[in-house]
Amino acid sequence: MEPLESIRDRILAAVPGARVEIVPNPSPSGQHSLLVDPEHALAVARFLRDDPALRFDYCSNVTGVDWLDKEITEKVRVRLRIEGEEREVEETRKHIRPGYLEVVYHLYSMTLRHGPLVLRMRTGNRTDQVRLPSLTPVWRSCEFQEREVYDLFGVVFEGHPDLRRILMWDGFQDYPMRKDYVEPDDYEYEPTPHGIVAEKARRHQTLVEPKTPPGSAAPPGSTTG
Amino acid sequence: MDPGLRSELQRHGIFVTTLEQLYNWGRSNSLWPLGFGLACCAIEMIAASMARYDLARFGAEVFRPSPRQADLMIVAGTVTKKMAPQVVRLYNQMAEPKYVIAMGACAISGGPFKQGYNVLKGIDRYIPVDVHIPGCPPRPEALIHALMTLQQRIAEESLTGPDRPRHLRPDQPGEYPVPEFGPHDLVPPKNPEIWHPPAIRRPA
Amino acid sequence: MNSIGTAQIGDGYVTLVVFLIAALLFALVPLGLARLWAWRFAPPKPGPVKNGLYECGLESHGDAWRPFKSSYYLYAIVFLVFDVEIVFLLPFAVAFGGLPLGAVLAMMLFLLLVVEGLVWAWSKGVLRWA
Ligand code: SF4
């Protein structure tokens with residue numbers, strides 16, 4: 001497969017106006033990816049599929065990622081006048097990078113036997129700008145997986161032929177794979193809990209019976225968690 | 001009747017029985033399960049019904065494709081919240097008397113998927129379970145053991161009196177409410193009439 | 001009427017009647033016993049879900065008596081073709097070594113008839129499901 005930089009340059013030449021960035025992956029696998037802007041994603045996808053040197057004809061995987069708002073601290077050097085004397089001071093600034101939802105596509109070429117090429121798209125935020133173009137018209141295998149991303153993350157794919165929930169029932173209102181999902185509190189009976197389940201069982205107990213007198217003798221047969 | 005006298009009579013070729021014993025003997029040796037599986041545990045259930053483990057020795061090999069003909073529901077596998085109403089409805093559609101075996105960690109408590117967003121934490125929240133089998137998955141021997149336990153319990157049931165089983169008492173319901181799909185969870189999340197988990201107190 | 005003749009006819013019918021009664025009792029006694037048992041011991045517990053249509057656990061909509069696709073019927077017929085073929089082919093294959101020429105020819109004729117049905121169904125497009 002040709003290097004990612006040259007793929008990006010060829011995309012930029014072929015699709016005028018597209019904004020494509022390389023997202024580096026610092027892990028040992030070094031699987032860098034291409035970040036595409038949603039407006040031109042469909043054209044970029046068509047190019048990747050049809051270009052004779054690339055021919056990405058198979059989309060193996062569609063994934064959703066939820067990025068919460070993140071507080072970023074950075075150190076900036078500023079020049080200040082302190083007591084009439086100009087000095088360079090280091091200052092810490094904090095700003096909040098707003099969260100977004102991200103969809104990741106893994107592309108392979110069956111004909112040329114190369115891949116994967118990792119393609120990313122990001123939504124504007126996590127609440128009301130969650131629309132992204134569907135790539136199902138380009139790769140048919142995206143259909144169910146985009147439905148799954150819609151079901152679990154709440155990304156709305158425009159141009160999807162049949163966008164319904166797939167794992168949860170129609171009428172379910174939450175998006176369970178989002179990081180701020182609150183699950184129903186049904187940890188009533190946990191005889192042998194450990195780890196997070198022990199935490200949840202204890203929280204359930206404090207929610208349901210908050211007036212258990214402290215230090216009261218536990219009834220026989222009860223377990224301590 | 002005195003069991004000593006009965007075995008003495010049997011030695012002379014005279015068999016004495018009661019209607020109750022005959023009834024329970026017939027039922028416990030022809031437990032027909034409802035043929036459905038929900039996840040990996042179902043594979044073990046299938047293995048148990050095949051030649052190597054041979055559930056047919058216990059009269060329980062006739063997996064019925066319809067709840068009207070089944071006596072036993074083997075809940076083998078993960079009960080997702082999307083599937084739970086169907087399982088409860090199938091149980092309701094079975095004819096009396098009916099029994100339930102919850103097979104595997106998933107069916108009795110949610111198992112490895114307990115913290116999943118879509119897994120019911122035990123089918124006994126909605127229907128009465130007679131035998132629980134722990135394990136992930138339980139081996140076919142465990143299923144056979146559960147079946148024998150159930151057979152034993154059926155053999156001990158009495159036809160009359162205050163402690164007669166559920167299906168002979170007019171005050172016990174023949175069907176249980178089917179949960180509905182709610183906006184955040186199943187509604188209701190459990191049936192408090194039949195699910196009474198023992199209270200566990202822990203230091204907070 | 002001849003008395004011997006009547007006796008003979010009567011004898012024949014008596015056995016028939018006895019058989020008929022035995023057959024009826026064989027069928028009705030267990031049913032009656034079950035009814036009696038239910039009345040004495042088992043309280044009826046009907047309910048809207050229990051008496052509802054069986055739809056593999058899903059909620060049923062509408063009536064069970066609805067017309068279904070005629071292709072299912074055609075499929076059943078085509079299935080018969082294969083079924084009958086297998087039933088006769090197996091003994092044919094087992095006895096193949098010792099068969100006279102006439103039997104082989106007859107069998108081939110039979111196969112031809114059955115395969116003809118399949119070819120007809122095929123050409124009619126029955127095997128294409130849509
Ligand atoms: S208990 Fe284990 S084997 Fe059984 S269904 Fe659950 S995960 Fe699968």
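The preceding data block contains the structure.
This report concerns the structure included in the present document.

Parameters and conventions
- Residues numbered from 1 in each chain as written.
- Chains lettered and ligands numbered in written order.
- Predicted model: local features only at pLDDT ≥ 70, side-chain atom pairs only at ≥ 80, totals over all residues.
- Heavy atoms only, no water.
- Contact = heavy atoms within 4.5 Å.
- Buried area = accessible area lost by both parts, 1.4 Å probe.
- Salt bridge = Lys/Arg side-chain N within 4 Å of Asp/Glu carboxyl O.
- Polar contact = N/O pair within 3.5 Å; in protein donor to acceptor, adjacent residues only side chain to side chain.
- Nonpolar A, V, L, I, M, F, W, Y, C, P; charged D, E, K, R; others polar.
- Pairing = 2+ DSSP bridges.
- Helix = DSSP H or I, 4+ residues; strand = E, 2+ residues; numbered from the N terminus.
- Axes fitted to C-alpha atoms, helices over the stretch in contact; angles between N-to-C directions.
- Near = heavy atom within 4 Å.
- Phe/Tyr/Trp six-rings, centres within 6.5 Å; stacked < 30°, edge-to-face > 60°.
- Buried < 20%, exposed > 50% of the residue type's maximum accessible area, 1.4 Å probe, protein only.
- Parallel < 35°, antiparallel > 145°, perpendicular 65-115°, else oblique.
- Left-handed = near helix turned anticlockwise from the far one by under 90°.

If you look at the interface, chain A gives 35 residues, while chain B gives 23 residues. With both sides pooled, the region where chain A packs onto chain B buries about 2700 Å², and carbon together with sulfur makes up 54% of that total. Among the salt bridges present, the one from Glu188 of chain A reaches Arg125 of chain B, with a minimum N-O distance of 2.9 Å. Here chain A and chain B share 11 residue pairs in polar contact (both at pLDDT 80 or more) between them. Here the residues of the side of chain A that touches chain B are counted per class, giving 18 nonpolar, 9 polar and 8 charged.

Quick look at the pairing of strand β4 (residues 70–82) of chain A now. Residues and elements named next belong to chain A. Relative to strand β5 (residues 85–97), β4 runs antiparallel, the two being bridged by 13 bridges. Its bridge partner being in β5, Lys70 is matched across the sheet by Arg97. The antiparallel pairing of β4 with β5 creates a hairpin that spans 2 residues between the two strands, and Glu83 there sits at a positive phi of about 50°.

Before going further, it helps to examine the sheet that holds strand β3 (residues 131–133) of chain B. Residues and elements named next belong to chain B. One open sheet holds the 3 strands; their spatial order is β1-β2-β3, and the pairing between them is parallel. Edge positions in the sheet fall to β1 (72–76) and β3, since each of these pairs with one other strand and no more. The sheet shows a mean angle of 15° between the axes of neighbouring strands, taken without regard to direction. Taken together, the 5 bridges between β1 and strand β2 (residues 99–103) define a ladder with parallel strand orientation. From the neighbouring strand, Met73 faces β2, where its bridge partner is Val100. Sheet strands touched by helix α6 (residues 140–155): β1, β2 and β3. Its angle to β2, the strand with the most contacts, is close to 155°.

A few words on the site of the ligand. Residues and elements named next belong to chain B. Taken together, 13 residues lie near the ligand, and Cys40, Cys41, Ala105, Cys106 and Cys136 sit nearest. Take the shell around the ligand: its biggest share by element is 3 residues, from helix α5 (residues 104–109). Looking at the shell around the ligand, its residues break down into 9 nonpolar, 4 polar and no charged.

Another aspect to go through is the sheet that holds strand β1 (residues 20–23) of chain A. All names here are of chain A. Within the open sheet, the 5 strands sit side by side as β1-β2-β7-β6-β3. Their pairing is mixed. Two strands close off the open sheet at either side, each with one partner strand: β1 and β3 (58–67). Geometrically, the sheet is characterised by an average inter-axis angle of 25° between neighbouring strands, direction not taken into account. Relative to strand β7 (residues 114–122), strand β2 (residues 33–36) runs parallel, the two sharing 4 bridges. The residue bridging Val36 from the neighbouring strand is Met121, located in β7.

Moving on to the packing of aromatic side chains. Scanning the model with the defined rule gives 8 aromatic pairs over all chains in all. Each ring, one from Trp67 of chain A and one from Tyr100 of chain A, has its centre 6.5 Å from the other, and the planes form 40°; the classification is tilted. Here the residue Trp67 of chain A occupies a position in strand β3, and Tyr100 of chain A occupies one in strand β6 (residues 100–109), the gap between them amounting to 33 residues. The class for Tyr100 of chain A is buried, based on a relative accessible area of 11%. Relative to Phe110 of chain C, the ring of Phe88 of chain C has its centre 5.2 Å away and its plane inclined at 65°; by these criteria the two rings are edge-to-face. Here Phe88 of chain C is found in helix α2 (residues 70–94), whereas its partner Phe110 of chain C is found in helix α3 (residues 101–123), with 22 residues between them in sequence. On the basis of relative accessible area, Phe110 of chain C is assigned to the partly exposed category, the value being 24%. Aromatic ring contacts, followed pair by pair, group Trp169 and Phe172 of chain A together with Phe181 of chain B into a single cluster.

Its location among the elements puts Glu190 of chain A in the loop between β9 (156–158) and α4 (195–208). In contact with Glu190 of chain A, not counting residues within four places along its chain, are Val197 and Ala201 of chain A together with Lys114, Lys121, Ile200 and Arg202 of chain B.

By contact count, the leading pair among the 2 pairs of chains in contact is chains A and B. In this structure chain A stays clear of chain C, and the shortest span between their C-alpha atoms is 13 Å.

Attention now moves to the interface of chain C and chain B. On the chain B side, the residues contacting the 17 residues of chain C number 25 residues. The junction of chain C with chain B conceals about 1700 Å² of combined surface from both sides, 59% of it contributed by carbon and sulfur atoms. Applying the counting rule to chain C against chain B returns 2 salt bridges. Across the pair Lys50 of chain C and Glu96 of chain B runs a salt bridge, and its minimum N-O distance is 3.9 Å. Applying the counting criterion to the chain C and chain B interface returns 11 residue pairs in polar contact (both at pLDDT 80 or more). Considered class by class, the residues forming the side of chain C that touches chain B number 10 nonpolar, 3 polar and 4 charged.

Residues and elements named next belong to chain C. At a minimum axis distance of 10 Å, the contact between α2 and α3 shows a crossing angle of 160°. Between α2 and α3, the angle is such that the two are roughly antiparallel. Between α2 and α3 lies a crossing of left-handed hand. Within the contact between the two elements, α2 uses Val78, Val81, Phe82, Val84, Glu85, Phe88, Leu89 and Phe92 and α3 uses Val104, Met107, Phe110, Leu111, Val114, Val115, Leu118 and Ala121. When its residues are assigned to classes, the contact of α2 with α3 shows 15 nonpolar, no polar and 1 charged.

All quantities given are derived from atomic positions and should not be read as evidence of function.
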